[in-house]
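Structural overview for review
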Amino acid sequence: MTSGRHPFPTRLMDMALPGGGRTVGPERADEVPHVLYVRFHPAPGEDVYQGLLTLLGELTPVVEALPPDAALADVRGALRYFGRDAAGLAEIVRVRALARYGVDCTVGVAANPLLARMAAHEAQEARGAQESGAVRTVPGDPDAVAAFLARKPPIALPGVGPATARALSAYGLDSAARIAAAPLSTLQRILGAATARRVHAWARGIDPAPVTPNAPARAMGAEHRFRRDELDPVRRRRALLTLADGLGVRLRTSGQVAAAISLTVRYADRSTTTRTRTLTEPTAHTPALTAAAYALHDALGLQRARVRSVALRVEGLTDAGVASHQLTFDPADEKSRRLEAAADRARARFGVFAVRPAGFLDVA
C-alpha cells in the first residue's frame, strides 16, 4: 500500500449502514452489559476450578466453562434479583473466590463474549505483572464500544491469530477501526469470504455467539507454561506431545473418548488464539490426539511469535464402551495401540511417569 493519508476512516463511528444505523457495538444499541468473562489466577487445579464454576453457578445457571482457568457467565437474569449491575456481580465473584479458594480473578464485563474477553485482557494489562485481579466494563452504547475498540490492533481481537494479523497489517489494516471501516469485499480478497465476515464483525464489536452452558465433566484440559517466552517451534511441539500424552492417559484411565480437541496459545502480550478440530472418530489414542494438536499448531503459522503457554482441551467426552472404532487393517496402528495398552498397564503399576514418549518435555 502506498504511503500518505490512509483511505479508511480512523474511527468506527464514521461508518454507517444504509439505513443510518451504526456498524459498531452489540447487536442492538445501548444493550446493558450482562456477560462476564472471568479469568482466575493463579491458574487453579481441577478440583478448585470445579468449585469456582459452582461459585459462578450461585449467580446464574448460564455458565460456560473454559478450562483450565476461565469461564463465561451470562448474568442477565440475575441483575434484578441481586439488585446490582454486572460489574457489581463481578465484584461479588472476586470476593467469594478469594474468600473460599484463595484465588483472585480478572473480570471483563460487556454485552457479548467477544467484548467481555477483550475487557478482561485490558484489565489484566492495566495490572501489569501483578497477580491481583480487576474488573473492566465496556458500556453497551455504540459510541463507548467504538471508543474501546478504535485503537486495538488486529491481534487483540479474540480469534485473530498472528498470521491473519500480519496479512491485515500488510494492507494498512492495523487497527480495529480500520478493519471495521474497510469494505467487506476488500477483506474477502485478503482473508477469504468466511474469515473476512467474522473478522469484520469482531472489529465492530459484534459477536452473536451466546454463552453456552456446558458440563465441565464433558471436557478436560491441561496447560504448559514455558519458563520464558518460547520462540522455538520444536519445543512448542514437544510441549503439545507432553500435554496430548497426559490427556490420553487421563481419558483411557477414566474410560472416556473425546470427539474434538482445542488448542489455546497464549502470547507474550497476553493475547490468546484458540482453534478447535473435530476428530475423525471419538478417541483416547495418544497418537491421534498428538497429530490433531500438531495440525492445529502448524495451521497457526506462528513463525516468530513469542509464546508464553500452550493448552490442550479435549471435548465432547463420551463413554469409551459405547464409542465405535473404525478398523484400519493397518499393522502399524494395531501395534501402536498394543504398545499403548502395555504402557498404560506399566503406569498403573509403577506410576504415571513410568513410561513417557520420546520427546516428552520435562516440566520440572
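Refer to the structure printed above.
Keep in mind that what you see is a predicted model, and the values were worked out from it rather than measured.

**Concerning the side chain of S262**
The residue S262 is located in strand 7 (residues 256-267) in this model. For S262, a relative accessible area of 4% puts it in the buried group. In contact with S262, not counting residues within four places along its chain, are R275, T276, L296, A311, L312, R313 and E315.

**Thoughts on the packing of helix 6 (residues 162-170) against helix 8 (residues 184-191)**
Between helix 6 and helix 8, the least distance of the axes is 10 Å, while the angle of their chain directions is 125°. Classified by the angle between their axes, helix 6 and helix 8 sit oblique to one another. Judged by the sense of rotation from one axis to the other, the crossing of helix 6 with helix 8 is right-handed. On helix 8, the residues touching T164, A167 and L168 of helix 6 are L187, I190 and L191. Of the residues contributing to the contact of helix 6 with helix 8, the split by class is five nonpolar, one polar and no charged.

**Observations concerning the packing of aromatic side chains**
Counted according to the given criterion, the structure contains one aromatic pair. Taking the centre distance of 5.1 Å and the plane angle of 75° together, the rings of Y81 and F82 count as edge-to-face. The aromatic ring of F148 is capped on one face by K152, whose charged end is 4.1 Å from the ring centroid. Directly above the ring of Y294 sits R237, whose terminal nitrogen or CZ lies 3.9 Å from the centroid.

**Focus on the side chain of E64**
Mapped onto the secondary structure, E64 falls in strand 2 (residues 63-66). Buried within the structure, E64 lacks any salt-bridge partner; its nearest side chain of opposite charge belongs to R117, at an N-O separation of 5.8 Å. Here T212 takes part through its backbone nitrogen, which lies 2.9 Å from a polar atom of the side chain of E64. Beyond its immediate stretch of four places on either side in the chain, E64 contacts A71, L72, P210, V211, T212 and N214.

**Here's the deal with the sheet that holds strand 5 (residues 134-137)**
Here five strands make up an open sheet; going across it, the order is 2-3-1-4-5 and the pairing mixed. Where the open sheet ends on each side, the last strands, each with one partner, are strand 2 and strand 5. Geometrically, the sheet is characterised by an average inter-axis angle of 15° between neighbouring strands, direction not taken into account. Of the pairings in the sheet, the one linking strand 1 (residues 35-41) to strand 3 (residues 70-74) comprises five bridges and is antiparallel in character. Its bridge partner being in strand 3, V38 is matched across the sheet by A71.

**Re unusual backbone geometry**
With omega at 0°, the peptide bond leading from H41 into P42 counts as cis. Mapped onto the secondary structure, P42 falls in the loop between strand 1 and helix 1 (46-57). Each neighbour pair has its own omega, and for P67 with P68 the value is 10°, a cis peptide bond. In the Ramachandran plot, R270 falls in the positive-phi region, its phi being about 75° despite a non-glycine side chain. With respect to the helices, strands and loops of the structure, R270 is situated in the loop between strand 7 and strand 8 (272-283). Located in the positive-phi region is Q303, a residue other than glycine, with phi close to 50°. Structurally, Q303 is set in the loop between helix 11 (286-299) and strand 9 (307-315). The exposed category is assigned to Q303, whose relative accessible area is 59%.

**A closer look at the environment of T280**
Positionally, T280 belongs in strand 8. We classify T280 as exposed; its relative accessible area is 86%. Distance from T280 to A259, taken between C-alpha atoms, is 8.0 Å for residues 21 residues apart in sequence.

**Description of the pattern of salt bridges**
Here the structure, examined in full by the defined rule, presents 18 salt bridges. For D298, the salt bridge is made with R237, and the minimal N-O distance between the two is 3.0 Å. Placement of the pair is D298 in helix 11 and R237 in helix 10 (residues 233-254), with a sequence separation of 61 residues. You can call R237 partly exposed: its relative accessible area is 27%. Members of the salt-bridge network, linked through shared partners, are R39, D69, E223, R225 and R266.

Definitions and limits used
- Residues numbered from 1 in each chain as written.
- Predicted model: local features only at pLDDT ≥ 70, side-chain atom pairs only at ≥ 80, totals over all residues.
- Heavy atoms only, no water.
- Helix = DSSP H or I, 4+ residues; strand = E, 2+ residues; numbered from the N terminus.
- Buried < 20%, exposed > 50% of the residue type's maximum accessible area, 1.4 Å probe, protein only.
- Contact = heavy atoms within 4.5 Å.
- Axes fitted to C-alpha atoms, helices over the stretch in contact; angles between N-to-C directions.
- Parallel < 35°, antiparallel > 145°, perpendicular 65-115°, else oblique.
- Left-handed = near helix turned anticlockwise from the far one by under 90°.
- Nonpolar A, V, L, I, M, F, W, Y, C, P; charged D, E, K, R; others polar.
- Phe/Tyr/Trp six-rings, centres within 6.5 Å; stacked < 30°, edge-to-face > 60°.
- Lys NZ or Arg CZ within 6 Å of the ring centre and 35° of its normal.
- Lys, Arg positive; Asp, Glu negative; His and termini not counted.
- Salt bridge = Lys/Arg side-chain N within 4 Å of Asp/Glu carboxyl O.
- Polar contact = N/O pair within 3.5 Å; in protein donor to acceptor, adjacent residues only side chain to side chain.
- Pairing = 2+ DSSP bridges.

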